[in-house]
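One-letter residues, chain by chain:
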Amino acid sequence: MTEIKIFSPATVANVSCGFDVLGFCLDGIGDEMIVRKTPEKGIKITKIKGYDLPNEATKNVAGVAALALIEDAQPDCGFEIEIYKNIKPGSGVGSSSASASGSVFAINELLGRPYSKTQLTYFAMKGEALASGSEHADNIAPGIFGGFTLVKSTVPLEVVELPTPNDLFAVIIHPQIEIKTSEARAILPKDIPLKNAITQWANMGSLVHALHISDYQMIKRSLIDVVVEPYRSRLIPHYNEVKLAAFNKGALGCGISGSGPSIFTLCQGQIQAEQVELAMREVYSQTDIAFNTYSCKINTTGIKILATDS
Ligand SMILES: Nc1ncnc2c1ncn2[C@@H]1O[C@H](COP(=O)(O)OP(=O)(O)OP(=O)(O)O)[C@@H](O)[C@H]1O
Ligand SMILES: N[C@@H](CCO)C(=O)O
């Protein structure tokens with residue numbers, strides 16, 4: 001195989017109580033990438049469609065992740081990458097991590113799959129660090145593994161795959177303002193009160209348990225963030241109104257997707273998701289802020305191969 005086309009999905013990081021460690025994968029929204037082997041060694045980004053992003057390999061997260069992989073693999077060829085972006089950079093649904101994960105996933109396939117999903121997560125993390133200024137894998141792991149993932153540690157890297165209850169749907173609303181992850185991280189306090197830490201890790205533990213036993217009401221009681229949301233929600237106009245509207249329609253939870261500005265909700269069933277989506281839309285419809293929404297099932301398979309040349 002010398003060429004591969006893949007779909008790299010959008011993801012939701014943090015999931016309220018799991019800052020920097022929890023994430024899940026969205027269905028139907030993501031970037032496409034074509035990666036092909038070249039006789040010249042190294043990484044070249046030959047095309048970027050959709051958004052204006054650097055095409056120098058060392059300045060694009062897809063290139064940085066790919067360089068980390070080939071530095072380790074030392075293949076006797078190089079790779080060129082085409083990126084067809086659908087996920088707006090800085091939207092909060094893992095735009096940068098979709099590119100970083102997609103490039104290493106595709107190169108791994110072209111090399112005959114020498115690396116595990118955890119090793120791919122490690123290389124992709126190097127790319128993500130370029131975008132956000134920190135090596136975290138909570139967007140990358142769900143893109144590569146699919147479903148819900150827990151990054152137990154980054155050094156050494158350990159990813160835990162969590163189960164996805166069947167009837168779980170996500171709704172995303174994206175107000176069209178840009179929040180850079182690096183800036184949204186800079187406003188967070190370095191230390192947190194012990195009582196908040198206790199609340200947060202209790203919710204995190206019960207959310208993980210609830211996912212295992214498909215207990216939707218326990219999911220609802222666990223999707224609470226007392227650590228990050230109080231600071232970041234101020235960056236998102238009408239955040240509290242959107243949240244109230246979602247809860248009024250029965251949403252299981254509503255929080256900031258990654259570092260924002262997108263807001264996610266988790267719902268039980270498609271009908272509830274549709275009602276929640278309408279209610280969230282209603283809030284921004286009454287403002288002059290442009291927005292878009294979508295709802296989907298949780299994607300349990302992650303990055304998908306769309307085509308290969310053999
Ligand atoms: N291939 C790429 N795709 C997206 N962003 C990229 C890429 N290469 C470099 N970047 C840079 O990364 C930054 C966007 O990353 P950022 O982490 O802020 O957004 P995000 O990935 O959408 O957010 P989040 O991680 O919260 O979901 C922008 O400055 C952008 O120029
Ligand atoms: N956990 C990260 C996700 C965005 O990259 C954050 O919230 O800053």
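Residues numbered from 1 in each chain as written. Chains lettered and ligands numbered in written order. Predicted model: local features only at pLDDT ≥ 70, side-chain atom pairs only at ≥ 80, totals over all residues. Heavy atoms only, no water.

- The name that an unreviewed UniProt entry assigns to the protein chain is Homoserine kinase, with the source organism given as Geojedonia litorea.
- For the record of the protein chain, the UniProt heading Pathway (unreviewed entry) holds the text "Amino-acid biosynthesis; L-threonine biosynthesis; L-threonine from L-aspartate: step 4/5." (UniProt positions renumbered as here; feature names shortened; annotations may be inferred.)

A look at helix α6 (residues 194-213)
Link 1 in the chain: Between its first and last C-alpha atoms α6 spans 29 Å; for 20 residues at 1.5 Å apiece the expected length is 28 Å, and the two agree.
Link 2 in the chain: For α6, the full list of buried residues reads Asn196, Ala197, Gln200, Asn203, Met204, Leu207, Val208, Ala210 and Leu211. End-on, the buried residues of α6 take up no more than an arc of 160°, which puts them together on one face. Of the exposed residues in α6, the ones pointing more than 90 degrees away from its buried face are Leu194, Lys195 and Trp201.
Link 3 in the chain: Contact partners of the buried residues in α6: β2 (22-38), β5 (148-154), β6 (157-162), β7 (168-175) and α7 (216-222).
Link 4 in the chain: Just downstream of α6, Ser214 is the residue with a positive phi angle, here 50°. (Helix = DSSP H or I, 4+ residues; strand = E, 2+ residues; numbered from the N terminus. Expected span 1.5 Å × (residues − 1). Buried < 20%, exposed > 50% of the residue type's maximum accessible area, 1.4 Å probe, protein only. Arc of directions from axis to C-beta. Contact = heavy atoms within 4.5 Å.)

A short note on the layout of surface pockets
Link 1 in the chain: Here the largest pocket defines a volume of roughly 600 Å³.
Link 2 in the chain: Lining the largest pocket are 36 residues, and of these Pro89, Gly90, Ser96, Ala131 and Thr181 sit closest to its centre.
Link 3 in the chain: It is helix α3 (residues 117-132) that provides the largest number of residues to the lining of the largest pocket, a total of four residues.
Link 4 in the chain: For the lining of the largest pocket, the per-class residue count stands at 10 nonpolar, 17 polar and nine charged.
Link 5 in the chain: Of the domains in this structure, domain 1 (3-162) and domain 2 (168-297) are the two that each give at least three residues to the lining of the largest pocket. (1 Å grid on protein atoms, 1.4 Å probe; cavity = no way out; pocket = protein on both sides within 12 Å on 5 of 7 lines; lining within 4 Å. Points joined across faces, edges and corners; volume = space filled by probe spheres on them. Nonpolar A, V, L, I, M, F, W, Y, C, P; charged D, E, K, R; others polar. Domains from an automatic or database assignment.)

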